[in-house]
Amino acid sequence: MNKNHIIIYLLLLVSLSSCLSKKKIVYLQGQQKQSSDQVNYEPLIQNDDMLNISIMSSEPELAAPFNIDQMQNNGVTANTNSMKTTYLVDNSGEIDFPVLGKMKVAGYTKSFLKQYLNERLAIYLKDPIINIRIVNYKVSVLGEVNKPGTFQITGDRVTLLEVLANAGDLTLYGKRDNILIIRDYLGTKTYNRVDITNADFVNSPFYYLDQNDVVYVEPRKAKIDSTAIGSNVGTIISILGFVITTTILLTR
């Protein structure tokens, strides 16, 4: 074996070890024609959620008793209708709402709760305006991403791809075809696997994330192997270089 052969084999070995299959890296492969169907996704209210519920009306003095902040401040004006009135959903899935008392809210969407409140308030207010928001909507991302952490969601819904973008995207070592989503709904935990390299993933029930979901991106085998080598990688490279150099000298 001459020097040129050794160099060629070495370069081939390095290139093969560094290349990653396109199928393992590219997102949403095999996408079909654009669909006209739209998914109207709304997260369900859960225990321990913090709900901001404000009630407004053309007659502010009648709406005031249904807003805690206004009840605690005398001489309020109509502008205080926009103040935050926050309720904690207890372990029974209920909130204690002014005048109306205990109400079951866990397991409902915000749209359903708004409709329910509108019916209950009809005897007190004419055409009430009801605003509801989950103020502690957050999702955590762990594992092979560039910026792991917990992210506060300001909108009404968020997709897995948006959350991964907030986490700086996956590293090259992250498994894109086996992402784990841990979901806790009313005390029951589920462990769900998704493949974001498959375009059909957008139809998955885990395309949109619920509040308090935990996303874990597993490392690929190459990352685990490199971690096992650890601090010895420099020594291994030195030994490999010595072996190659010696081989070249002996085969001249």
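Predicted model, so just to flag it, every value in this text is computed and none were measured. (Residues numbered from 1 in each chain as written. Predicted model: local features only at pLDDT ≥ 70, side-chain atom pairs only at ≥ 80, totals over all residues. Heavy atoms only, no water.)

Scanning the protein chain from N- to C-terminus turns up 8 helices and 10 strands. For the protein chain, the residues scored as buried account for 33% of the 252 residues in total. Within the protein chain, contacts between residues at least 6 apart in sequence are counted, and of these 62% link residues at least 24 apart. Accessible area for the protein chain stands at about 15500 Å²; split by element, carbon and sulfur atoms hold 56% of it. (Helix = DSSP H or I, 4+ residues; strand = E, 2+ residues; numbered from the N terminus. Buried < 20%, exposed > 50% of the residue type's maximum accessible area, 1.4 Å probe, protein only. Contact = heavy atoms within 4.5 Å. Areas by Shrake-Rupley, 256 points an atom, 1.4 Å probe, with all protein chains shown as cover.)

Strand order in the open sheet made by the 5 strands is 7-6-10-8-9, with mixed pairing throughout. One side of each edge strand has no neighbouring strand; the edge strands of this open sheet are strand 7 (149-152) and strand 9 (188-194). Averaged over all adjacent pairs, the angle separating strand axes in this sheet is 20°, with direction ignored. Sheet analysis places strand 8 (residues 179-185) next to strand 9, joined by 7 bridges and oriented antiparallel. Bridge pairing links Asp 184 to Lys 189 in strand 9. (Pairing = 2+ DSSP bridges. Axes fitted to C-alpha atoms, helices over the stretch in contact; angles between N-to-C directions.)

Helix length check: helix 5 (residues 110-121), at 12 residues, gives a terminal C-alpha distance of 16 Å against a target of 16 Å (1.5 Å per residue), a fit within 8%. Among the residues of helix 5, Lys 110, Leu 113, Leu 117 and Leu 121 are the ones counted as buried. The buried side chains of helix 5 occupy one side of the element, clustering within an arc of 65° when seen end-on. Against strand 1 (50-56), strand 3 (94-97), strand 4 (101-104) and strand 5 (129-134) lie the buried residues of helix 5. (Expected span 1.5 Å × (residues − 1). Arc of directions from axis to C-beta.)

Attention shifts here to the side chain of Gln 211. Relative to the helices and strands, Gln 211 resides in the loop between strand 9 and strand 10 (214-217). The class of Gln 211 is buried, set by a relative accessible area of 1%. Within the structure, the side chain of Gln 211 is placed 2.6 Å from the side chain of Asp 49, a separation counted as a polar contact. If we skip the residues at most four places from it in the chain, Gln 211 touches Pro 43, Leu 44, Ile 45, Gln 46, Asp 49, Ile 134, Tyr 137 and Lys 138. (Polar contact = N/O pair within 3.5 Å; in protein donor to acceptor, adjacent residues only side chain to side chain.)

Taken in spatial order, the 3 strands make up an open sheet running 2-1-5, and their pairing is antiparallel. Among the strands making up the open sheet, the edge pair consists of strand 2 (86-88) and strand 5. In this sheet, neighbouring strand axes are inclined to one another by 25° on average, regardless of whether the strands run parallel or antiparallel. Note: strand 1 against strand 5, 6 bridges, orientation antiparallel. Looking across to strand 5, one finds that Asn 52 is bridged to Arg 133. Lying on the sheet, helix 5 is in contact with strand 1 and strand 5; it crosses strand 5 at an angle near 145°.

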